[in-house]
Amino acid sequence: MVTGMVRTLIAGNWKMNGLKSSLSEVEKIVSALDSHPDNADCLICPPATLVVPMQDRAGARLNVGAQSCHPEAFGAFTGDLSAEQLKDAGASYVIVGHSERRSEHGERSAYVQEQAHACLRAGITPIVCVGESYAQKQRGETKDTVVRILRKSLPTLGSNDTLVVAYEPLWAIGTGLVPSAEEIAEVHLTIRNLLVELYQDRGADLRILYGGSMKPGNAAEILAIDNVNGGLIGGASLKADDLMAIYAAAVA
Ligand code: 13P
């Protein structure tokens, strides 16, 4: 399916990296964005400690997001942050269901779906992550795994709601390994078909990002694949030059 009308999203996930001193990278990104055409969105999801100061420096072209949220709006949940609080701090996107949260914090798909609903309640766009393990890939279970996880993780959308899906093969995260273009195309088409099944026409325009060892050297090839509407970038998003090289590939 051709999704030529969909605006590409280049999203950085800083994970548990970044101190106040890292805001100098953000200042470089903000000024570099001005020298590129404005035909793709740029987002950074820093650690929650940096959402406010990053938003203060973001200007009109850089969006700021967060990496997780609690399903409830407020209450006795020590150490957690709600979608409402993240929205209040300036976040417009929240990553939910990242494989590192699923494995390190035991967050299961039903919980991820609650988080996604919390984002929508707060007026935030959830980025719902999904991916297969290396063992599942070896057994030929990639597409079944992705569909099974997404069916349980994706929220019901109200008429003004939107969401983003990020396909991140677990074995590609932080490893330098990347699926072939054919493999990415096949999984993204499978996700597209599921989105259309679940959300009808709107599903054709929802963004599907690829994530896992996306770098300046492979971004152009990955971003050219059908139904790849952007990237969710870990390591390479920490350096302004690398993130902007990927952004440049998206707007070329
Ligand atoms: P890397 O780009 O470091 O492989 O990380 C991908 C990722 O997990 C983004 O959410």
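Residues numbered from 1 in each chain as written. Predicted model: local features only at pLDDT ≥ 70, side-chain atom pairs only at ≥ 80, totals over all residues. Heavy atoms only, no water.

**Regarding the pairing of strand β7 (residues 207–211)**
- Within β7, 5 of the 5 residues are buried, leaving the element largely enclosed by the surrounding structure.
- Judged by which residues are buried, β7 turns out to be covered on both faces: Arg207, Leu209 and Gly211 on one side and Ile208 and Tyr210 on the other are all buried.
- Two strands pair when backbone bridges link them, and strand β6 (residues 164–167) and β7 are joined in this way by 4 bridges, in the parallel orientation. Bridge pairing links Val165 to Ile208 in β7.
- Assessed by its sense of winding, the connection that carries the chain from β6 through helix α8 (residues 181–199) to β7 is right-handed.
- Judged from the 2 bridges that link them, β7 and strand β8 (residues 230–233) form a sheet pairing that is parallel. (Buried < 20%, exposed > 50% of the residue type's maximum accessible area, 1.4 Å probe, protein only. Helix = DSSP H or I, 4+ residues; strand = E, 2+ residues; numbered from the N terminus. Pairing = 2+ DSSP bridges. Right-handed = clockwise from strand over helix to strand, strands pointing away.)

**Some remarks on helix α9 (residues 216–223)**
- Of all the residues in α9, the buried ones are Asn218, Ala219, Ile222 and Leu223. Buried residues in α9, looked at end-on, bunch into an arc of 130°, giving them a common side. Exposed side of α9, more than 90 degrees from the buried face: Gly217 and Glu221 are the residues found there.
- Contact partners of the buried residues in α9: β1 (8–13), α8, β7, β8 and α10 (240–251). (Arc of directions from axis to C-beta. Contact = heavy atoms within 4.5 Å.)

**Some words on the pattern of salt bridges**
- Counting across every chain of the model gives 13 salt bridges.
- A salt bridge links Lys15 to Glu100; the nearest nitrogen and oxygen atoms lie 2.9 Å apart. Taken together, the positions of Lys15 in the loop between β1 and α1 (23–33) and Glu100 in helix α4 (residues 99–104) put the pair 85 residues apart, joining distant regions of the chain.
- Residue Glu100 is classed as partly exposed on the basis of its relative accessible area, which comes to 31%.
- The shortest N-O distance in the salt bridge between Arg139 and Glu141 comes to 3.0 Å.
- Taking the relative accessible area as the measure of exposure, Arg139 reaches 53% and is therefore exposed.
- Here the salt bridges do not stand alone but share partners, grouping Arg7, Asp38, Asp41, Arg61 and Arg207 into one network. (Salt bridge = Lys/Arg side-chain N within 4 Å of Asp/Glu carboxyl O.)

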